Amino acid sequence: MESISIETSTILGDAESMDAVISEVRRGLMSKRKSLAPWLFYDDAGSALFEEITALPEYYVSRLERRILRDNVRSILGQALSQADAPVRIIELGAGSAEKTSILLSEARALSSDLTYVPIDISPASLEGAQRSLERDLPGIRVEPIVSDYVSKPIKLDRFVGITIALYIGSSIGNFEPFEARTILRNLRNQLGYSDALLLGTDLVKPEHVLIPAYDDAQGVTADFNRMRHRSRLSPRD
Ligand SMILES: C[S@@+](CC[C@H](N)C(=O)[O-])C[C@H]1O[C@@H](n2cnc3c(N)ncnc32)[C@H](O)[C@@H]1O
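Please read these numbers as outputs of a predicted model, since none were measured by experiment.

(A) Structural detail: unusual backbone geometry. Residues other than glycine seldom take positive phi values, yet Ala98 does so here, at roughly 60°. Mapped onto the secondary structure, Ala98 falls in the loop between β1 (88-93) and α4 (101-111). Positive phi values are uncommon outside glycine, yet Ser171 reaches one of about 60°. Within the secondary structure layout, Ser171 lies in the loop between β5 (163-168) and α6 (178-189). Judged by relative accessible area, Ser171 falls into the buried class, the value being 14%.

Encoded structure:
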């Protein structure tokens, strides 16, 4: 059996992460059908590997979603923002580096002078990187990151006067069993009001010759990510 090493201090970012990892590994490996929750991938090194994956030629998901957002940003925001110049809050589950989100944020900033972005992620390093690049490239947006596990601790948003747009993109929902995905969406819906909006980015069925290389690339980056084998830490005998 291959052993895995997870840098617990870099997920969730404090002592509770060790307890959370132990309890998730125990739950997953004691179940009849063995499994581990996807958040375990995303320590600092895993988050950096995921960013490498998004730039691989085989990983069509990020490239296509970026293109869809670029081509449709006006109509997406036009539908979500019915009231002109109301305060706008964009929240995002599993925001990661927020690289694609910057397309929406840039356009939203042109439409509203009062824009807040609340990226929610289990990885403090990803959120710090996202905040740094947004503050540099898109000044004027309030960035209020939340480090949290949105599965085990359903998010509680502050009251907000204005329009909230929730983002759940990157096909992250595909990492979950249907019952978990339903719970995530139900929890999110409970935080949204009648005139708020949800943008869900999810993959559809693909032919095998497209799907398999996307998750088993020629350079082996996804294999390292899946095995939590973080290249920088591998010794020569690994
Ligand atoms: C597939 S990546 C998507 C990142 C980004 N949204 C994109 O589209 O490129 C999933 C992201 O969700 C975060 N994540 C995974 N499970 C999580 C959980 N249970 N709670 C909070 N964040 C989680 C990871 O740290 C990672 O940044």
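Once you've had a look at it, read on.
(B) Summary view of the packing of aromatic side chains. Under the definition given, this model contains 9 aromatic pairs. Measuring from ring centre to ring centre gives 5.6 Å for Tyr150 and Tyr168, while their planes differ by 85°; the resulting arrangement is edge-to-face. Here Tyr150, found in the loop between β4 (146-147) and β5, pairs with Tyr168, found in strand β5; they are 18 residues apart in sequence, far enough to count as distant. On the accessibility criterion, Tyr150 (12% relative accessible area) is buried.

(C) Quick look at the site of the ligand. Neighbouring residues of the ligand: 17 residues in total, closest Gly94, Lys100, Asp121, Asp149 and Tyr150. One of the side-chain nitrogen or oxygen atoms of Asp121 is found 2.5 Å away from an oxygen atom of the ligand. When the ligand sits alone it has 590 Å² of accessible area, and the protein chains cover 95% of it. Along the lines of polarity and charge, the residues of the shell around the ligand split into 7 nonpolar, 6 polar and 4 charged.

(D) Structural context of the environment of Thr183. Along the polypeptide, Thr183 turns up in helix α6. With 32 residues separating them along the chain, Thr183 and Val151 place their C-alpha atoms 8.2 Å apart.

(E) Expanded view of the nonpolar core. Within the largest apolar cluster, 28 residues are counted, with the highest numbers of intra-cluster contacts made by Ile90, Leu104, Leu105, Tyr117 and Ile165. Elements that contribute at least two residues to this core include exactly α3 (60-80), β1, α4, β2 (115-121), α5 (124-137), β5 and β6 (197-200). At 5 residues, α3 tops the list of elements feeding residues into this core. Apart from the residues within four sequence positions on either side, Ile90 is in contact with Leu105, Ala108, Leu115, Thr116, Tyr117, Val118, Ile165 and Leu167. Leu40, Tyr59, Val221 and Phe225 belong to the second-largest nonpolar core, a separate cluster that totals 16 residues.

Analysis parameters
For every chain, the first residue of the written sequence is number 1, and numbering continues from 1 onward in sequence order. Totals for whole chains, interfaces and linings use all residues, but because this is a predicted model, local features are given only for residues with pLDDT of at least 70 and pairs of side-chain atoms are given and counted only at 80 or more. Water and hydrogen atoms play no part in the side-chain values, which are based on all heavy atoms of the structure. For the purposes of this entry, the term helix denotes a DSSP run of H or I that reaches at least four residues, the term strand denotes a run of E that reaches at least two, and both are numbered from the N terminus. Working definition: with a 1.4 Å probe on protein chains only, accessible area under 20% of the residue-type maximum means buried, over 50% means exposed, and in between means partly exposed. Here is the rule: rings of Phe, Tyr and Trp (six-membered ring for Trp) pair when centre to centre is within 6.5 Å. Planes less than 30 degrees apart are stacked, more than 60 are edge-to-face, and the remainder are tilted. Being near a molecule or strand, for a residue, means having at least one of its heavy atoms within 4 Å of it. Polar contact criterion, stated in full: a pair of N or O atoms within 3.5 Å, where within protein one must be able to donate a hydrogen and the other to accept it, and residues adjacent in sequence count only if both atoms are side-chain atoms. Computed with a 1.4 Å probe, the accessible areas rest on the Shrake-Rupley method; for each residue, only the protein chains presented here act as cover. Three classes are used: nonpolar for Ala, Val, Leu, Ile, Met, Phe, Trp, Tyr, Cys and Pro, charged for Asp, Glu, Lys and Arg, and polar for all others, with Gly counted as polar. Residues grouped as a nonpolar core are buried Ala, Val, Leu, Ile, Met, Phe, Trp, Tyr and Cys residues, joined through side-chain atoms within 4.5 Å. Two residues form a contact once any of their heavy atoms are found within 4.5 Å.

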